[in-house]
Amino acid sequence: MLALPPRSRRTGNGLGPILRVPVLLLVLLLVLAPTARPAAAEITAEQVRKSIETGVAYLLKQQTKTTGGWAEHPGQPGGLTSLCTLALLHAGLPPEDPAVQRALAYLRSLGNPEMTYATSLQTMVFCLAEPEKDRLLISRNARWLESIQIAAGERKGAWGYSAQEGNGDNSNAQFALLALYEAEQTGVEISDQTWRLALNYWRDCQHPDGSWGYYKGFPASGSMTCAGIASMIIASGQLGGEAARVEDGTVRCCGQQEDDSDIQRGLIWLGKKFSVSSNPSVLAGRDGGASGTWLLYYLYGVERVGRMTGSRFIGRHDWYREGAEMLVSKQDDLTGYWKGVGHGENNPLVATSLALLFLSKGRRPVVISKLKHGDESDWDRHPQGVQHLTRFVETEWRRELSWQTVDVQAATVEDLLETPVLLLSGQQLLNLTRQQRENLREYVNQGGFIFAEACDGRGCNGRLFDQAFRELMRELFPDAPLRLLPPDHPVWYAQRKVDPRFLRPLYGMDACCRTSVVYCPETLSCFWELASTRQLPKYPAEVRDEIQACLNIGANVLAYATNRQLKDKLDRPQAAYSEGVEDRAARGQLYVPKLSHSGGGDDAPQALVNLLNLFRQQSAARVAAQRLLLEPDDPRLFEYPLLFMHGRRDFRFTPSQRKALGEFIERGGFVFADAICASPQFAQAFRREWEAILPGHKLVRIPPDDPLFTRAYRGYDVGQVTLRDPKLRGESDDPLEARLTKTTPWLEAIEYEGRYAVIFSPYDISCALENLASLECKGYVRDDAARLGINILLYALTR
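Now for a quick tour of the structure. The structure presented is a predicted model; accordingly, all values stated were derived computationally and were not measured.

Concerning the overall build of the chain
Along the backbone of the chain there are 25 helices and 21 strands. For the chain, buried positions account for 59% of its 799 residues. Counted over contacts in the chain with a minimum sequence separation of 6, partners at least 24 positions apart contribute 74%.

Below, the structure is given as structure tokens:
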């Protein structure tokens with residue numbers, strides 16, 4: 001452990017040698033850094049981004065200059081061009097990109113529909129790129145697909161290759177449903193009969209073990225089981241259920257839930273057989289061959305199943321992480337293409353497009369997760385509600401998003417932190433174990449956000465849940481009671497204003513620099529459930545207005561909680577836990593405790609941990625990024641050369657605490673502090689207390705040209721920084737927009753015997769490090785907050 005010199009070492013003037021935590025300390029920290037070869041690194045978001053980028057470049061090089069298409073597969077006019085274009089769009093090319101425009105022009109020039117695969121892919125492209133412009137073509141294709149659905153016989157409800165070719169198979173049937181689903185999202189109405197026939201077909205051809213084959217009775221395969229699961233979800237979802245309905249102009253909630261046991265059996269089979277190196281249980285035949293045949297087609301289906309079911313895991317497999325790792329490793333380094341095994345995927349255009357679809361669609365960031373708790377029928381009363389809310393938010397934010405389900409019985413704090421917003425819903429009492437409750441507390445303390453609703457009203461009775469949730473909040477956060485959120489709180493307008501006719505009471509709990517829990521004691525998810533694109537126009541105007549109001553509330557909460565900034569799906573959050581005395585401090589590591597006080601001494605508990613993690617990455621030093629909260633007069637204070645402090649309220653140290661902190665500075669210690677969200681109350685108290693601790697010394701601004709703001713201590717050039725100053729409501733059309741000002745950093749310091757002994761930022765650093773930018777928080781943007789913090793730590797270690 002690195003410590004200040006004890007009192008017994010004092011010499012000369014009685015104070016002894018003052019420890020400056022000299023350059024030797026930084027050298028030791030670096031020398032003692034681990035030199036063992038690290039284990040193989042996990043796949044990163046940057047690797048995936050580069051992989052997608054090189055795959056896109058390959059497809060663009062293969063585009064035919066004259067027609068704007070790609071070399072077509074025989075018998076499927078426009079099919080391969082549609083597949084390549086779909087991959088490019090999902091990989092991030094905008095519709096206005098010249099290459100996409102040439103491809104769209106080529107697809108529009110083709111004649112009437114002929115083949116199921118080609119027409120389905122073409123329809124999906126039109127729906128994704130410019131649906132308003134291509135509405136007539138989308139409708140034409142949808143009508144044609146409906147017309148060739150097999151209407152009688154053993155395969156009633158399926159699709160073949162065309163009206164004349166094929167007698168119905170699960171691959172063509174899957175593509176037809178995907179196209180019809182996307183068509184209906186653009187406003188093209190598809191008949192209930194089409195969905196009902198398809199749903200009955202897929203139920204009928206499912207194997208007893210939950211799997212599907214290419215035909216009914218054919219051997220199971222992973223690719224066809226993915227097709228079956230996704231098709232069942234689509235068809236049943238479009239028909240709607242009884243969980244929420246409108247009867248005679250009145251909304252009825254908490255009704256009979258749909259039986260999804262067929263889907264669950266399919267997921268169980270897929271979880272047991274899951275692989276990213278082969279298409280499970282593939283046998284010889286149209287859907288089979290050697291190991292690896294139709295692997296990329298299967299992975300394209302895996303992505304769809306994972307996304308549609310809101311599953312991070314299939315079985316015990318993190319499907320996207322494993323699939324991305326495999327695909328990135330198999331990409332051709334020189335050309336950027338993929339090439340699979342067997343008919344179809346041995347064509348690099350097909351293989352590359354399928355790989356890009358998995359990588360790009362599967363990496364959609366998670367915006368909200370449902371918390372699975374208690375009885376299955378309680379936590380998910382309205383199973384399509386979050387899906388519809390996510391779709392609405394996608395249109396509002398103009399980006400592709402995803403949602404997930406998290407099981408409270410299996411989830412760790414790290415698992416919970418994978419999602420920025422956790423939806424807790426139900427009618428009954430919350431039966432959570434002590435560990436599960438503690439995990440929820442840590443989730444919030446480390447930057448997570450709980451959005452809760454009692455399914456109450458309109459046929460629901462959520463009084464037990466309301467009672468249980470309020471008790472849970474009192475237990476977890478006794479110092480931060482739920483309060484009724486006022487009309488000027490951003491949850492009422494962060495995305496859209498809410499129709500005052502349909503306001504619900506919203507309660508909030510403040511933690512970690514913001515409101516971190518929002519609770520509605522009335523049902524919202526019931527109205528989200530009703531927000532189906534195909535059903536919404538059929539409701540009375542007042543019902544539609546109330547559904548929209550509830551969607552707006554949901555979108556406002558998500559916008560406020562995330563600031564529309566989401567983590568990459570591959571980012572693994574690192575939970576920080578308070579350090580116990582018994583396992584404190586491996587030798588040779590730097591520990592930085594946080595000072596405890598009554599002014600919010602741990603109100604941003606993750607801020608210091610995040611800063612130390614960043615410092616460790618930047619310097620390769622041996623730094624322990626663990627939480628340790630110390631009272632100012634704790635005898636252990638002198639075991640640490642650096643202390644961190646922040647807060648947002650007034651506070652006072654006791655005389656004994658002031659004395660201890662003064663001695664800490666005299667013996668060479670260093671204190672780094674900031675005012676959370678630029679709190680004037682904390683800043684005033686901090687200045688008052690430190691001037692009392694060190695009489696005759698005042699906090700004064702560090703000159704903008706000080707070496708601290710340069711690379712002099714192996715840090716960053718931060719002579720210019722960006723200060724975030726949230727706008728007052730009404731100053732901008734976008735409520736989340738803040739005034740960003742380029743300026744010189746404002747840090748204050750107490751100079752003691754030729755060194756800065758205390759450095760204080762009156763503008764926020766902690767919240768920027770802890771969360772994404774808070775709407776109410778004035779301070780430095782995250783990157784600059786981190787750079788300033790690293791420079792301060794480096795200064796303290798080298799002076």
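Moving on from the model shown.
A short note on helix 18 (residues 463–476)
The terminal C-alpha atoms of helix 18 lie 20 Å apart, and with 14 residues this matches the ideal 20 Å at 1.5 Å per residue to within 8%. For helix 18, every residue scored as buried is listed here: F465, A468, F469, L472, M473 and L476. Angular distribution of buried residues about the axis of helix 18 spans 135°; they occupy a single face of the element. Along helix 18, the residues that are exposed and aim more than 90 degrees away from the buried face are R463 and R474. Looking at the buried positions of helix 18, the neighbouring elements they touch are strand 7 (421–426), helix 17 (434–445), strand 8 (449–454) and strand 11 (514–520).

Focus: the packing of helix 5 (residues 116–129) against helix 7 (residues 170–185)
Packing of helix 5 against helix 7 leaves a shortest axis separation of 9 Å and a crossing angle of 25°. Overall, the two elements helix 5 and helix 7 adopt an arrangement that is roughly parallel. In the packing of helix 5 onto helix 7, the handedness of the crossing is left-handed. Contact with helix 5, carried on its side by T116, Y117, S120, L121, T123, M124 and C127, involves S171, N172, F175, A176, L178, A179, E182 and A183 of helix 7 and no other residues of that element.

A short note on the pattern of salt bridges
As enumerated under the stated definition, the model contains 46 salt bridges in all. Across the pair R135 and E132 runs a salt bridge, and its minimum N-O distance is 3.0 Å. When its relative accessible area of 27% is taken as the criterion, R135 is described as partly exposed. The class of E132 is exposed, set by a relative accessible area of 62%. Residues joined in a network through salt bridges with shared partners are E42, R312, D318, R321, D415, E418 and R572.

Considering the state of the cysteines
This model, assessed by the stated rule, comprises 3 disulfides. Residue pairing for C677: its cysteine sulfur links by disulfide to C777, the two sulfurs lying 2.2 Å apart. Looking along the S-S bond of the C677-C777 disulfide, the torsion reads about -105°, which is the left-handed sense. Here C777 lies in the loop between helix 24 (766–770) and strand 21 (779–780) and C677 lies in the loop between strand 15 (670–675) and helix 23 (680–693), a separation of 100 residues in the sequence.

Comments concerning the nonpolar core
Core analysis: the biggest nonpolar cluster contains 102 residues, and W159, W202, L299, L327 and L359 have the highest contact counts within it. Look past the residues within four positions of L299 in its chain and what remains in contact with it is V276, M326, L327 and F358. A244, L485, V491 and Y539 belong to the second-largest nonpolar core, a separate cluster that totals 49 residues.

So, helix 22 (residues 655–666)
Along its 12 residues, helix 22 runs 17 Å from first to last C-alpha, staying within 8% of the 16 Å computed at 1.5 Å per residue. Where helix 22 is concerned, the buried positions are Q657, A660, L661, G662, E663, F664 and I665. Of the surrounding secondary structure, the elements contacted by the buried residues of helix 22 are strand 12 (594–595), strand 14 (642–647), strand 15, helix 23, strand 19 (748–752) and strand 20 (755–761). Looking at the residues trailing helix 22, positive phi occurs at G668, about 100°.

What counts, and at which threshold
- Residues numbered from 1 in each chain as written.
- Predicted model: local features only at pLDDT ≥ 70, side-chain atom pairs only at ≥ 80, totals over all residues.
- Heavy atoms only, no water.
- Helix = DSSP H or I, 4+ residues; strand = E, 2+ residues; numbered from the N terminus.
- Buried < 20%, exposed > 50% of the residue type's maximum accessible area, 1.4 Å probe, protein only.
- Contact = heavy atoms within 4.5 Å.
- Expected span 1.5 Å × (residues − 1).
- Arc of directions from axis to C-beta.
- Axes fitted to C-alpha atoms, helices over the stretch in contact; angles between N-to-C directions.
- Parallel < 35°, antiparallel > 145°, perpendicular 65-115°, else oblique.
- Left-handed = near helix turned anticlockwise from the far one by under 90°.
- Salt bridge = Lys/Arg side-chain N within 4 Å of Asp/Glu carboxyl O.
- Disulfide = S-S within 2.5 Å.
- Core = buried A, V, L, I, M, F, W, Y, C linked by side-chain atoms within 4.5 Å.

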